[in-house]
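Here is what each chain is made of, one letter per residue.
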Amino acid sequence: VVIKQTAFEEYSQLKLRGQAPKALRWTRLESRYLSHKDCVENLLTILKANNVAFSCVNRVELDRQHLADVDLVVAVGGDGTVLSAAHFLDHGTIPLLGINSDPMSDEDKIVKKKKSDERRSHGALCAVTAANMDTAVPRILFGGGKLAARARIQCIVKSTFSETRLVPALNDLLIANPSPAAVSRFRMGWLREVDLDPKGGLRDGGGSGLSSGHAHSSLTDPQLLPRNQDGTVTRFGGTPYDVENSLNVWSSGMWVSTATGSSAAMAAAGGKHMDIYSSDLQYLIREHMIENVPNKEEVRNLDKGMLKNDQHLHLRWSSQKGRIFIDGSHLMHNLELG
């Protein structure tokens, strides 16, 4: 059982050190905390009543050692808690159940002069809520639930001498300069596996690769796109790939989302909603600056698109600093030039 640490608990610790913001609404925070606490206590009562062996861990303390001999992970909190727990389920062999511990009531959903608390979790990734867990949790424990697979994003960051495989993202990745006011420069292309000629002059390149891990399909007619004339080959896991249809991008970064995450930040940025069980990925370049190119419309058509099964998107970072944000702002990986 992975348990969320509420804002009330976090700010209370800061208050003890004299570091809490002055403008906090303590009554509202405490109300959210008490609702969450009641949900956790009710869940533990249900598990004990059904003779379920379990252990509890705070969301921020979760580690892979907690997953040994586990049949089910239950994330109690909201969407953020579900996303955090999913990062440790690398192989997809342990099912994950999300419980929204403080759901919005029907009355809360009717906005009247901003009286509703919009900071509550939407619970889009939670199959159960505090309101229905008394019946839903026992039904799931005894085989009444429906298992469903969701696609995730695998990102590999390649430097000169190493590769770093990031945790799989269930919602989305944001790849951008750490400063929102700075330009994010990168070269974007698609990877195609090649057989290297030992006598050839192809050189090894760096970058990062993004994949949904499923069948290859072309996004557009390659004859219309600017060709990569550098003869660059990059390797991931020892396998050589050619970077095709490369495009230099100046922008505010790039979103890459799964079908699950397509209704979140991706939709707000101008992307499209996808069927949640789709294995495709979606990408969207933020505020793409296109100037002085003869095929402006063709380049603009690449601002967003889909990544089909077994298709790999490659980015070579061209700014001094960069950062990959994984399912929000809590988990990130720094990038350097190249």
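Residues numbered from 1 in each chain as written. Predicted model: local features only at pLDDT ≥ 70, side-chain atom pairs only at ≥ 80, totals over all residues. Heavy atoms only, no water.

Asker: Even after reading the chapter, I still don't get the overall build of the protein chain, so can you show me in this structure?
Answerer: Check the secondary structure of the protein chain and you find 6 helices and 19 strands. When each of the 338 residues of the protein chain is scored for burial, the buried share is 42%. A total accessible area of about 19000 Å² is found for the protein chain, and carbon and sulfur atoms account for 49% of it. (Helix = DSSP H or I, 4+ residues; strand = E, 2+ residues; numbered from the N terminus. Buried < 20%, exposed > 50% of the residue type's maximum accessible area, 1.4 Å probe, protein only. Areas by Shrake-Rupley, 256 points an atom, 1.4 Å probe, with all protein chains shown as cover.)

Asker: I would appreciate a short explanation of helix H3 (residues 79–86) in the present structure.
Answerer: Since there are 3.6 residues in each turn of an α-helix, residues three or four apart along the chain are aligned in direction. Most of H3 is tucked away: 7 of the 8 residues are buried. Here H3 has its buried residues at Asp-79, Thr-81, Val-82, Leu-83, Ser-84, Ala-85 and Ala-86. Those residues of H3 that are buried lie in contact with strand E1 (2–3), strand E3 (73–77) and strand E4 (96–100). (Contact = heavy atoms within 4.5 Å.)

Asker: Would you mind going over the sheet that holds E1 with me for this structure?
Answerer: Paired through their backbone hydrogen bonds, the strands of a sheet run either parallel or antiparallel. With parallel pairing, the 5 strands of this open sheet are ordered in space as E2-E1-E3-E4-E5. Where the open sheet ends on each side, the last strands, each with one partner, are strand E2 (57–58) and strand E5 (128–129). Two elements, E4 and E5, share 2 bridges in a ladder whose sense is parallel. Across the sheet, the residue bridging to Ile-99 is Val-128, located in E5. The sheet strands contacting helix H2 (residues 26–49) are E1, E3 and E4, and the helix crosses E3 at an angle near 155 degrees. In this fold H3 packs onto E1, E3 and E4, with an angle of close to 150 degrees to the strand it touches most, E3. (Pairing = 2+ DSSP bridges. Axes fitted to C-alpha atoms, helices over the stretch in contact; angles between N-to-C directions.)

Asker: Can you help me understand the pattern of salt bridges in this one?
Answerer: Pairs can form between side chains of opposite charge once their charged atoms are near each other. Under the counting rule described, the total for this entry stands at 5 salt bridges. The salt bridge involving Arg-192 is made with Asp-242; its shortest N-O contact spans 3.5 Å. What makes Arg-192 partly exposed here is its relative accessible area of 38%. Connected via shared salt-bridge partners are Arg-192, Asp-242 and Glu-244. (Salt bridge = Lys/Arg side-chain N within 4 Å of Asp/Glu carboxyl O.)

Asker: Is there a simple way to think about the nonpolar core in this case?
Answerer: Core analysis: the biggest nonpolar cluster contains 28 residues, and Leu-173, Met-188, Leu-210, Met-254, Tyr-283, Leu-313 and Ile-324 have the highest contact counts within it. Broken down by secondary-structure element, the contributors of at least two residues to this core are strand E6 (154–158), strand E8 (172–176), strand E9 (184–193), strand E13 (239–251), strand E14 (254–257), strand E15 (281–285), strand E17 (312–317) and strand E18 (321–326). Residues within four places of Ile-324 in sequence aside, it is in contact with Cys-155, Val-157, Leu-166, Leu-173, Leu-174, Ile-175, Leu-331, Met-332, His-333 and Leu-335. Grouped together as the second largest cluster of nonpolar side chains are 16 residues, Val-1, Leu-44, Val-74 and Val-76 included. (Core = buried A, V, L, I, M, F, W, Y, C linked by side-chain atoms within 4.5 Å.)

Asker: How should unusual backbone geometry be read in this particular structure?
Answerer: What is expected of a backbone is that most residues other than glycine have negative phi and most peptide bonds are trans. For Asp-69, which is not a glycine, the phi torsion comes out positive at approximately 55 degrees. Judged by its relative accessible area of 82%, Asp-69 is exposed. Despite not being glycine, Asp-310 has its phi angle at roughly 65 degrees, a positive value. Relative to the helices and strands, Asp-310 resides in the loop between strand E16 (304–307) and E17.

Asker: It is not clear to me how the pairing of E18 should be interpreted in this structure. Could you clarify?
Answerer: Remember that side chains alternate between the two faces of the sheet whenever the strand is regular. Judged from the 4 bridges that link them, E8 and E18 form a sheet pairing that is antiparallel. Looking at E18, one finds that Ala-176 is bridged to Arg-323. Where E18 hands over to strand E19 (residues 331–336), the hairpin turn is made up of 4 residues, of which Asp-327 adopts a positive phi near 55 degrees.

Asker: Honestly, the environment of Gly-80 in this entry has me stumped. Any pointers?
Answerer: Among the secondary structure elements, Gly-80 is positioned in helix H3. Sequence separation between Gly-80 and Leu-125 is 45 residues; the distance between their C-alpha atoms is 9.0 Å.

Asker: Before we go on, may I ask you to explain the pairing of E8 in this structure?
Answerer: Buried residues dominate E8, accounting for 5 of its 5 residues. The side-chain alternation of E8 yields two buried faces, one formed by Asp-172, Leu-174 and Ala-176 and the other by Leu-173 and Ile-175.

Asker: I tried to follow the packing of aromatic side chains on my own but got confused; where do I start?
Answerer: When we look at a pair of aromatic rings, we describe it by the centre distance and by the angle of the planes. Within this structure, the stated rule accounts for 5 aromatic pairs. Aromatic pair Phe-8 and Trp-26: ring centres 6.0 Å apart, planes at 85 degrees, arrangement edge-to-face. Of the two residues, Phe-8 is situated in helix H1 (residues 7–16) and Trp-26 in helix H2; the sequence distance between them amounts to 18 residues. Positioned above the aromatic ring of Trp-26 is the side chain of Lys-15, whose terminal nitrogen or guanidinium carbon lies 4.8 Å from the ring centre. (Phe/Tyr/Trp six-rings, centres within 6.5 Å; stacked < 30°, edge-to-face > 60°. Lys NZ or Arg CZ within 6 Å of the ring centre and 35° of its normal.)

Asker: What am I meant to see in the packing of H2 against helix H4 (residues 133–144) here?
Answerer: Between two packed helices, both the angle of their axes relative to each other and the distance between the axes serve to describe the pair. As a packed pair, H2 and H4 sit with axes 10 Å apart at the nearest point and diverge in direction by 40 degrees. It follows that H2 is oblique to H4 by the angle criterion. Here the hand of the crossing between H2 and H4 comes out right-handed. Between H2, through Cys-39, Asn-42, Leu-43, Ile-46 and Leu-47, and H4, the contact on the second element is made entirely by Met-133, Asp-134, Val-137, Pro-138 and Leu-141. (Parallel < 35°, antiparallel > 145°, perpendicular 65-115°, else oblique. Left-handed = near helix turned anticlockwise from the far one by under 90°.)

As far as function goes, none of this settles anything; it's purely spatial.
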